[in-house]
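Now for the letters of each chain:
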Amino acid sequence: MSSPSVAPDAKPARSDSAMLEVQDLVKDFPIRSGLRRGTRGRVSAVAGVSFTVPRGQTFALVGESGCGKSTTARLVLRLVPATSGTVHVDGVDVLRAAPADLRRLRSRMQIVYQDPYASLNPRLSAGAIVADPLRVHGRFKADGPARVRALFERVGLDPVDVHRYPHEFSGGQRQRIGIARALALEPDLLVLDEPVSALDVSIQAGVLNLLDELQRTRNLTYLLIAHDLAAVRQLADLVGVMYLGKLVERGPADRLYNEPQHPYTQALLSAVPVPDPPVERRRRRILLEGDLPSPTAPPSGCRFRTRCWRAQPICAEREPPLESHTREHRVACFFPGPDPAR
Amino acid sequence: MRPRDGTPIPEPEPIGPSHLLPPADVGFATAGGVTSRSPWELFRRRFRRHRLALVSLGVLIGLCIVCFGAPFFAPYARDHQDLTLGAVGPSWHHWFGTDELGRDELTRLLYAGQISLEIGLAVAALSTLVGVVIGAIAGFVGKATDQMLMRVTDLFLVLPALAVLALALEKFGHDSFTIIWVLAALFWMYVARVVRAQVLVIREQEFVEAARASGATGPWIVVRHVLPNCVGPIVVNATLAVAAAIVAESSLSFLGFGVQLPATSWGRMISDAEGYVGTSHAYLLYFPGLAILLTVLAVNFLGDGLRDAFDPTSEPA
């Protein structure tokens, strides 16, 4: 799976154009109940998310279960219709594209799923799964089988296995099939929806390394969804932290990891174990109290205030905007900064 | 300004391609010397493993050959009749005996089989086709389309089957062609409902969303991703339909709405012999009854075998 001609750090020259631009993305799911299917309320899954990912870079969207990160991924690909907001991929408006344009656009943005079992059709052979996007776009020609074999090799699978069925592969191998399928159409943007969370830790490294290498050699842009800040550190150029449908902090990965400003980010980072026993023993953990509030009735003002140790009356009255802390590093908090008390 | 550390994470174990060596007996060898099997080859292997299904297939083919080849196989001519004989039990001259009109029972059974098998297989094929199309559209498109199609399905379900049959047969004639269409019209709803339910489950699966993400359109997703995952219930329902159609035709014949004399079917033969229950001529009931039983059992076993053969996760041992 290595391509020796490419030096580890030789990432192709980046143009500074934005590959993915998301503006004020909102998704409400109506809650219907009763015989007449009347709307009883709204789940605000994604409540105004904005970010920009330059070509060839990785934007990691991090947050706990139910914060809307996977919904954001599906909104970006228009697998779920957005309530409002805009998504531009390489300057093209995804959410308002006509069906024919959308089809063309889809070949440029692909997704890798979390669950390598549910995301592969059990009735198709691995080769047919990888070839499916090619067939859909009429690109499975005489060289089709050869292209599928090449894709298998590219992701570290044996091309002999094209006739095998998904259940005959291990979890890590299945995830590689999913990656090969996503690469088949030679996309520019890959949405990675927790690509390694379902895998054994020993297998995760291999898949992450593969993704890293693919990005370098193909100048791919990644939108990486994860619930664990540590797992994405290797890949992330930019990080956005989501809480209850909103971005609470966003910035370059090194800044965010080293100088987290939002209390929620600090809490998430404090949960990451350090692989050094003396340091690990001295590590202070921030334990958040309470549960994630219901997204049907989010707290007034700052959505994190119910679990925040810095919360003041103002946090309940007004919603903190996502403001510049330093250049490029933005935080949505009235009391940002390092937390010496903890 | 690369925040990410460029060094790859050390990988604790080789994650290269695995060679879960397949048994090297069948399949074509590839360049690497590792054997690989085509999907068709796997299908045949999985099917052949089902002894009972294989036997059943043989029985069905055999039944079709002797019934449709009745002019060659039947011991007597179709209209041969020995009125002096009357109804006598099985003998060397008449293996299955003769009926009250002195007709050879075996000969009648073979000719009757033509109609019963034709109706059973044709009704199953037709109703499955209609049911799969309607169920798949209802389940996949959903919303108003689903509502409309399912109400139509309900409408057909509440039709009093026998009354409709009687009416239709009176109007269009009692030939097997009409019976096939009318029975299919009364049978497709069961398949449609099963397929719809299955499609509702499958269409929410991630691999369907993956297909949509790659730009696939509705028909492609249904044909390539959804329906292949519904094969099990479809095949089971189709085999049940064969049995049900043969039995339904029997009921019709019993009531006098079935095929008209001189043509006959297995069901008609049973209804003709109903008066002999408990007498020494009961053999006139047994043989057509056994023919129906044999056919229905064979079709059911065949259905089991087909369902497993279509399922790649059931590996040949």
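Within each chain, residue numbers correspond to sequence positions counted from 1 in written order. Think of it this way: whatever chain is written first is A, whatever ligand is written first is 1, and the rest follow in order. Only residues with pLDDT of at least 70 are given local features in this predicted model, and only at 80 or more are side-chain atom pairs given and counted; all residues enter the totals for whole chains, interfaces and linings.

This paragraph deals with the overall build of chain B. Of regular secondary structure, chain B possesses twelve helices and two strands. Listing the helices and strands of chain B from first to last along the sequence gives β-β-α-α-α-α-α-α-α-α-α-α-α-α. Once C-beta atoms are placed from the backbone, each residue is buried if 20 or more other C-beta atoms lie within 10 Å of its own, exposed if 12 or fewer, and partly exposed for counts between those two. Taking all 317 residues of chain B together, 39% fall into the buried category. Put simply, of all contacts in chain B between residues at least 6 apart along the chain, 68% involve residues at least 24 apart. Elements are defined by DSSP. Helices are runs of H or I of four residues or more, strands are runs of E of two residues or more, and each kind is numbered from the N terminus. By the convention adopted here, residues make contact when the C-beta atoms placed from their backbones lie within 7 Å.

Secondary structure summary: chain A contains ten helices and twelve strands in total. A compact globule built from 342 residues should have a C-alpha radius of gyration of about 20 Å, and chain A, at 21 Å, falls within 12% of that. Counting only C-alpha atoms and orienting by the principal axes, one finds that chain A spans roughly 70 × 60 × 40 Å. Within chain A, buried positions represent 47% of all 342 residues. A separation threshold of at least 6 residues defines the contact pool for chain A, and within that pool the share at least 24 residues apart is 66%. For the radius of gyration, the atom set is restricted to C-alpha positions; the globular benchmark scales as 2.2 Å times the number of residues to the power 0.38.

Nonpolar cores are built from buried Ala, Val, Leu, Ile, Met, Phe, Trp, Tyr and Cys residues. These are joined into a set through C-beta atoms within 7 Å. Counting residues in each nonpolar core, the largest one holds 167 residues, and the members touching the most others are L223(A), L224(A), L183(B) and A245(B). Among the elements that take part in this core, helix α4 (residues 105-141) of chain B stands out by supplying 16 residues, more than any other. Sequence-distant contacts of A245(B), defined by excluding residues within four places in its chain, comprise I119(B), G120(B), V123(B), A124(B), L183(B) and F187(B).

This part covers the packing of helix α5 (residues 143-158) of chain B against helix α7 (residues 176-202) of chain B. Residues and elements named next belong to chain B. Contact geometry of α5 with α7 gives a least axis separation of 9 Å together with a crossing angle of 140°. Here α5 lies oblique to α7, going by the angle between them. Note on packing geometry: the crossing formed by α5 with α7 is left-handed. Within the contact between the two elements, α5 uses T153, F156 and L157 and α7 uses M189, A192 and R193. Each axis is a line fitted through C-alpha atoms, taken for helices only over the stretch in contact, and angles between the N-to-C directions span 0 to 180 degrees. Here the angle decides the label: under 35 degrees means roughly parallel, over 145 means roughly antiparallel, 65 to 115 means roughly perpendicular, and every other value means oblique. Here is the rule for handedness: rotate from the far helix to the near one, and if that takes an anticlockwise turn smaller than a right angle the crossing is left-handed, while a clockwise turn gives right-handed.

A few words now on the packing of α7(B) against helix α10 (residues 231-255) of chain B. Between two packed helices, the angle of one axis relative to the other and the distance separating the axes together describe the packing. All names here are of chain B. Relative orientation of the contacting elements α7 and α10 amounts to 150°, with a least axis distance of 10 Å. Accordingly, the angle class assigned to the pair α7 and α10 is roughly antiparallel. Two packed elements cross with a definite hand, and for α7 against α10 that hand is right-handed. On α10, the residues that touch I179, L183, F187, Y190, V191, V194, V195 and Q198 of α7 are P233, I234, N237, A241, A244, A245, A248, E249 and L252.

Residue and element names in this part refer to chain B. Topologically, Q81 is positioned in the loop between α3 (70-73) and α4. With 14 C-beta atoms packed within 10 Å, Q81 lands in the partly exposed category. A sequence separation of 161 residues divides Q81 from V242, and the C-alpha atoms of the two residues are 32 Å apart. Those residues in contact with Q81 that lie beyond four places of it in its chain are L101, G102 and R103.

So, on to unusual backbone geometry. Leaving glycine out, the prevailing phi sign among residues is negative, and the prevailing peptide bond configuration is trans. The backbone of E194(A) sits at a positive phi, close to 50°, despite the residue not being glycine. By the C-beta count within 10 Å, which is 21 here, E194(A) ends up buried. The residue K143(B) is not glycine, and still its phi comes out positive at about 50°. You can see K143(B) is positioned in helix α5. Using a count of 8 C-beta atoms within 10 Å as the deciding quantity, one classes K143(B) as exposed.

Now for helix α1 (residues 69-76) of chain A. Residues and elements named next belong to chain A. Counted residue by residue, α1 has eight buried out of eight residues, so it is predominantly covered. Among the residues of α1, K69, S70, T71, T72, A73, R74, L75 and V76 are the ones counted as buried. Once α1 finishes, R78 follows within two positions and takes phi at roughly 60°, a positive value.

Moving on: the sheet that holds strand β1 (residues 18-33) of chain A. Residues and elements named next belong to chain A. The antiparallel open sheet is built from four strands, whose spatial order is β2-β1-β4-β5. The sheet terminates laterally at β2 (38-54) and β5 (92-93), the two strands that pair on one side only. Pairing of strand β4 (residues 84-89) with β5, which is carried by two bridges, proceeds in the antiparallel orientation. Residue pairing for β5: V89 is matched across the bridge by V92. Across the sheet, α1 lies against β1, β2 and β4, angled at about 115° from β1, the strand it touches most. Strand pairing is assigned whenever DSSP detects at least two bridges linking the two strands.

Our next topic: the sheet that holds strand β10 (residues 246-252) of chain A. Strand pairs in the sheet, formed through backbone hydrogen bonds, run parallel or antiparallel to each other. All names here are of chain A. Strand order across the open sheet formed by eight strands is β6-β7-β8-β3-β9-β10-β12-β11, with mixed pairing between neighbours. What marks the edges here is a single partner per strand, and that holds for β6 (109-112) and β11 (323-326). Recorded for the sheet is a direction-independent mean angle of 20° between the axes of neighbouring strands. With five bridges joining them, strand β3 (residues 58-62) and strand β8 (residues 221-226) adopt parallel strand pairing. Bridge pairing links V62 to A226 in β8. The strands touched by helix α8 (residues 263-270) within the sheet are β3, β9 (238-243) and β10, with β9 carrying the most contacts at an inclination of about 105°.

Among the five residues of β3(A), five are classified as buried, and the element is accordingly described as predominantly covered. Because side chains alternate across β3(A), one face comprises the buried residues T58(A), A60(A) and V62(A), and the other comprises F59(A) and L61(A), equally buried.

Another point: the environment of L20(A). Looking at where L20(A) falls in the secondary structure, it is placed in strand β1. When the C-alpha atoms of L20(A) and D90(A) are compared, they prove to be 6.2 Å apart, with 70 residues separating the residues in sequence.

Here the focus is the pairing of β4(A). Two faces, one strand: in a regular strand the side chains alternate between the faces of the sheet. All names here are of chain A. Bridge analysis of β1 against β4 gives five bridges, and the strand direction is antiparallel. Residue E21 lies in a different strand from β4, and its bridge partner there is H88. In sequence, β4 turns back onto β5 through a hairpin of two residues, with D90 there showing a positive phi of about 55°.

Right, let's get into the environment of M242(A). Residues and elements named next belong to chain A. Take M242: it is sitting in strand β9. M242 sits in the buried class, given 25 other C-beta atoms within 10 Å. As a C-alpha pair, M242 and V22 span 220 residues in sequence and 14 Å in three-dimensional space. Those residues in contact with M242 that lie beyond four places of it in its chain are L61, V62, G63, C67, G68, K69 and L247.

Let us look at the confidence of the model for chain B. Residue and element names in this part refer to chain B. Averaged over every residue, the pLDDT of chain B is 81; residues scoring 70 or more account for 86%. In predicted models, pLDDT denotes the confidence assigned by the predictor to each residue on a 0 to 100 scale. The model gives residues 13-35 a pLDDT under 50, and that stretch makes 29 contacts with residues more than four places away or in other chains. Predicted complex, confidence summary: ipTM 0.82, pTM 0.79.

Scored by pLDDT, chain A comes out at a mean of 84, with 93% of its residues at no less than 70. Predicted confidence is poor over residues 1-15 of chain A, with pLDDT under 50, and the contacts of this stretch with residues over four places away or in other chains come to 16 contacts.

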